[in-house]
Amino acid sequence: MNNFAYQREQDVNAAIAKVASGIDSKFIAGGTNIIDLLKYNLTIADTLVDINPISNYHTIEPTATGGLMLGALMTNADTAYHPIIEQKYPLLSKAILAGASAQIRNMATNGGNLLQRTRCYYFYDAAAPCNKRVPGSGCSAIPGYNRIMAVLGTSENCIAVFPSDMCVALAALDASVHISGPNGDRVLAFTDFHRLPGETPHLDNNLQHGELITGIELPVKGFPQNYSYLKLRDRNSYAFALVSVATGLELEGDVIREARIALGGVAHKPWRVKDAEKSLIGKTANRENFASAAEIILAGAKGFEHNAFKIELAKKAIVRNCIMALNPSTQLPGAQPSV
Ligand SMILES: Cc1cc2nc3c(=O)[nH]c(=O)nc-3n(C[C@H](O)[C@H](O)[C@H](O)COP(=O)(O)OP(=O)(O)OC[C@H]3O[C@@H](n4cnc5c(N)ncnc54)[C@H](O)[C@@H]3O)c2cc1C
Ligand code: SF4
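Rules behind the numbers
Along each chain, residues carry numbers from 1 onward, in the same order as the chain's sequence is written. Chains carry letters from A onward and ligands carry numbers from 1 onward, assigned in written order. The predicted nature of this model means local features are confined to residues of pLDDT at least 70 and side-chain atom pairs, given and counted, to a pLDDT of 80 or more, with totals for whole chains, interfaces and linings taken over all residues. Side-chain numbers here rest on the full set of heavy atoms in the structure, without hydrogens or water. Side-chain atoms within 4.5 Å link the members of a nonpolar core, which is a set of buried Ala, Val, Leu, Ile, Met, Phe, Trp, Tyr and Cys residues. Between buried and exposed lies partly exposed: a residue is buried under 20% and exposed over 50% of the maximum accessible area for its type, with that area taken using a 1.4 Å probe on protein chains only. Secondary structure elements follow DSSP: runs of H or I of four or more residues count as helices, runs of E of two or more count as strands, with numbering from the N terminus. Note on definitions: a residue-residue contact is assigned when non-hydrogen atoms from the two residues lie within 4.5 Å. Throughout, near means a residue has at least one heavy atom within 4 Å of the molecule or strand. Only protein atoms enter the calculation, which uses a 1 Å grid: trapped sets of points that fit a 1.4 Å probe without letting it out are cavities, open sets showing protein on both sides within 12 Å along at least five of seven lines are pockets, and any residue with an atom within 4 Å of a point is a lining residue. Put plainly, a molecule is in a cavity or pocket when over half of its atoms are within 2 Å of the grid points there. Classification convention: Asp, Glu, Lys, Arg as charged; Ala, Val, Leu, Ile, Met, Phe, Trp, Tyr, Cys, Pro as nonpolar; all other residues, Gly among them, as polar. Should DSSP find at least two bridges between two strands, the strands are taken to pair. To get an axis, a line is fitted to the C-alpha atoms, and for a helix only the part in contact is used. The angle between two axes follows their N-to-C directions and goes from 0 to 180 degrees. Polar contact is the term for a pair of N or O atoms within 3.5 Å; when the atoms are in protein, one must be able to donate a hydrogen and the other to accept it, and sequence-neighboring residues count only if both atoms are side-chain atoms. Surface accessibility follows the Shrake-Rupley procedure with a 1.4 Å probe radius. Residue values consider only the protein chains on display as shielding. Salt bridges are counted wherever a side-chain nitrogen of Lys or Arg sits within 4 Å of a carboxyl oxygen of Asp or Glu.

**Student:** Got a minute to help me understand the nonpolar core in this structure?
**Tutor:** If you look at the biggest cluster of nonpolar residues, it comprises 47 residues, and the most contacted ones within it are Leu263, Ile297 and Ile318. Counting residues per element, the ones that place at least two in this core are strand S9 (226-232), strand S10 (243-252), strand S11 (255-264), helix H10 (274-280), helix H11 (287-297) and helix H12 (309-326). By residue number, the principal contributor to this core is H12, which donates 8 residues. The contact partners of Leu263, leaving out residues within four places of it in the chain, are Leu152, Val168, Ser244, Val245, Pro270, Trp271, Ile297, Leu298, Ala314 and Ile318. Judged by nonpolar contacts, the second largest core, of 38 residues, contains Ile60, Ala95, Ala172 and Ala262.

Now the structure itself:
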């Protein structure tokens, strides 16, 4: 039994000050990840500061530049079903609804989704060496069973993947993360928020201790005409992605004017290769050109004993998802093919 203090806080500055002042103090939002981590003794907290009573961050607000600010404390479900998100950012709605279960999405918050930990089996096994959980202890996944692990951006210290669906769409949409902390406010581009494992696999992202995510900003462009999110997994629902793809296209006739492609389930962060997207501009939107872009995105991919299949799977998923984006109205609502 681990004793901890639980405090509800209405004032953002007070919440930040409480967490910043204690090394083992943590925020809790929906609790769908942090409670599991505490129960399995994978993380320590002597104080949990419940940020749900802070009133400011539960809504979606328009921004001065024509985009939207998603409140960090809004639930994943309320975000996905919000009429403006369904109309202007259906890619985000579809990605959120591909994740978890209805019950979890009703509790999980937008800020918490960005900060969920990996689902590496060995990370969740407190008896197994794991550099992410205990720096310097070793990585059990590299010589072990690594079917769900990364094929891009790995290091000799960690091959875990970041498991979020929502974040794959946010990366494709060029979102940014609004943060308040003991030293003031800052904004990070979404692609700079999560980290690769490198020498520091215990750090998932660039948030500092005591910093609070207040919102996620969506720029004006939401690709509502041509978008698709494809999640491939071992089970058709309630499972994390082996590979997922978020695609947004802007077309003039059948010529691509802008392309966004982000991958999930393959790296320690949502994976975007801007050169691949640029290579599509001015080209015809067809299978052949999407396949060439997929080759660029997977360049340098490295498989391990049980997950090398992900490289080919990701290439095929990219092509299929880009083709589906050409005509999103033909996609069945919520339909996600299994592997
Ligand atoms: C069985 C199961 C299946 C799942 N399947 C999927 C899936 O398929 N796809 C998917 O994307 N996700 C999936 N999830 C993960 C789920 O989406 C996350 O657990 C959820 O989004 C986390 O949000 P939360 O508000 O509950 O976070 P919490 O558990 O409350 O917090 C998570 C972490 O974020 C910190 N935190 C929370 N909010 C803030 C904030 N505003 N600022 C700073 N720090 C903060 C907390 O201190 C904690 O460290 C699944 C979860 C479960 C339990
Ligand atoms: S892949 Fe990363 S999270 Fe998994 S055991 Fe290795 S170090 Fe730990």
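What follows picks up the thread again.
**Student:** Explain the site of ligand 2 to me, please; I cannot follow it from the model alone.
**Tutor:** Around ligand 2 there are 13 residues in total, and Cys120, Cys130, Cys139, Cys158 and Ile159 lie nearest to it. Under a 2 Å grid-point criterion requiring more than half of the atoms, the pocket assigned to ligand 2 is the largest cavity. Across the shell around ligand 2, the residue classes tally to 9 nonpolar, 3 polar and 1 charged.

**Student:** Before we go on, may I ask you to explain the sheet that holds strand S6 (residues 176-181) in this structure?
**Tutor:** Adjacent strands of a sheet pair through backbone hydrogen bonds, lying either parallel or antiparallel. Pairing within the open sheet is antiparallel, and its 5 strands lie in the order S4-S5-S8-S6-S7. Looking at which strands have only one partner, the edges of the open sheet turn out to be strand S4 (60-62) and strand S7 (184-189). Ignoring strand direction, the axes of neighbouring strands in this sheet form an average angle of 25°. Two strands pair when backbone bridges link them, and S4 and strand S5 (residues 68-71) are joined in this way by 3 bridges, in the antiparallel orientation. Paired with Glu61 across the bridge in S5 is Met69.

**Student:** Teacher, can you tell me more about the sheet that holds strand S2 (residues 25-28) here?
**Tutor:** Ordered in space as S1-S3-S2, the 3 strands form an open sheet in which the pairing is parallel. Sheet topology places strand S1 (5-8) and S2 at the edges, where each strand pairs with a single neighbour. Between one strand axis and the next, the sheet turns by 25° as a mean value, whatever way the strands run. Two strands pair when backbone bridges link them, and S2 and strand S3 (residues 47-50) are joined in this way by 4 bridges, in the parallel orientation. Among the inter-strand pairings, Ile28 is bridged to a residue of S3, identified as Asp50.

**Student:** Can you help me understand the site of ligand 1 in this one?
**Tutor:** Taken together, 31 residues surround ligand 1, and among them Phe27, Gly31, Thr32, Thr109 and Asp165 come closest. Phe27 places a polar main-chain atom, nitrogen or oxygen, 2.5 Å from an oxygen atom of ligand 1. One of the side-chain nitrogen or oxygen atoms of Thr109 is found 2.6 Å away from an oxygen atom of ligand 1. In isolation ligand 1 has 970 Å² of accessible area, and contact with the protein removes 91% of it. The residue makeup of the shell around ligand 1, split by class, is 16 nonpolar, 11 polar and 4 charged.

**Student:** I would appreciate a short explanation of helix H5 (residues 90-97) in the present structure.
**Tutor:** Judged by how many residues are buried, H5 sits mostly within the fold: 7 of 8 residues are covered. Among all positions of H5, only Pro90, Leu91, Leu92, Ser93, Lys94, Ala95 and Ile96 are buried.

**Student:** Explanation requested: the side chain of Thr109 in the structure shown.
**Tutor:** Within the fold, Thr109 resides in the loop between helix H6 (102-107) and helix H7 (110-114). Apart from the residues within four sequence positions on either side, Thr109 is in contact with Ala29, Gly30, Asn52, Ala72, Leu73, Met74, Thr75 and Asn76.

**Student:** Could you clarify how one ought to interpret the environment of His194 in this entry?
**Tutor:** Within the secondary structure, His194 is located in the loop between helix H9 (190-193) and strand S8 (212-218). With relative accessibility at 2%, the residue His194 sits in the buried group. For His194 and Cys167, which are 27 residues apart along the polypeptide, the C-alpha to C-alpha distance reads 9.8 Å. If we ignore the near neighbours within four places in the chain, the residues touching His194 are Leu114, Phe162, Cys167, Asp204, Asn205, Lys269 and Pro270.

**Student:** How should the pattern of salt bridges be read in this particular structure?
**Tutor:** Any two side chains of opposite charge can pair if their charged atoms end up close together. This model, assessed by the stated rule, comprises 17 salt bridges. The residue Asp174 makes a salt bridge to Arg260 at a minimum N-O spacing of 3.5 Å. Of this pair, Asp174 sits in the loop between helix H8 (166-172) and S6 while Arg260 sits in strand S11, and the two are 86 residues apart along the sequence. A relative accessible area of 32% places Asp174 in the partly exposed class. Among the salt bridges present, the one from Glu295 reaches Lys315, with a minimum N-O distance of 3.2 Å. Separated by 20 residues along the polypeptide, Glu295 in helix H11 and Lys315 in helix H12 bring together distant segments of the chain. Taking relative accessible area as the criterion, Glu295 reaches 44% and is therefore assigned partly exposed. Residues joined in a network through salt bridges with shared partners are Asp174, Lys221, Glu250, Glu258, Arg260, Arg272 and Glu277.

**Student:** Where do I start with the environment of Thr59 in this structure?
**Tutor:** In this structure, Thr59 sits in the loop between S3 and S4. Residue Thr59 is classed as partly exposed on the basis of its relative accessible area, which comes to 36%. Residues within four places of Thr59 in sequence aside, it is in contact with Met69, Leu70, Gly71 and Met74. A polar contact is formed between the side chain of Thr59 and the side chain of Glu61, at a distance of 2.9 Å.

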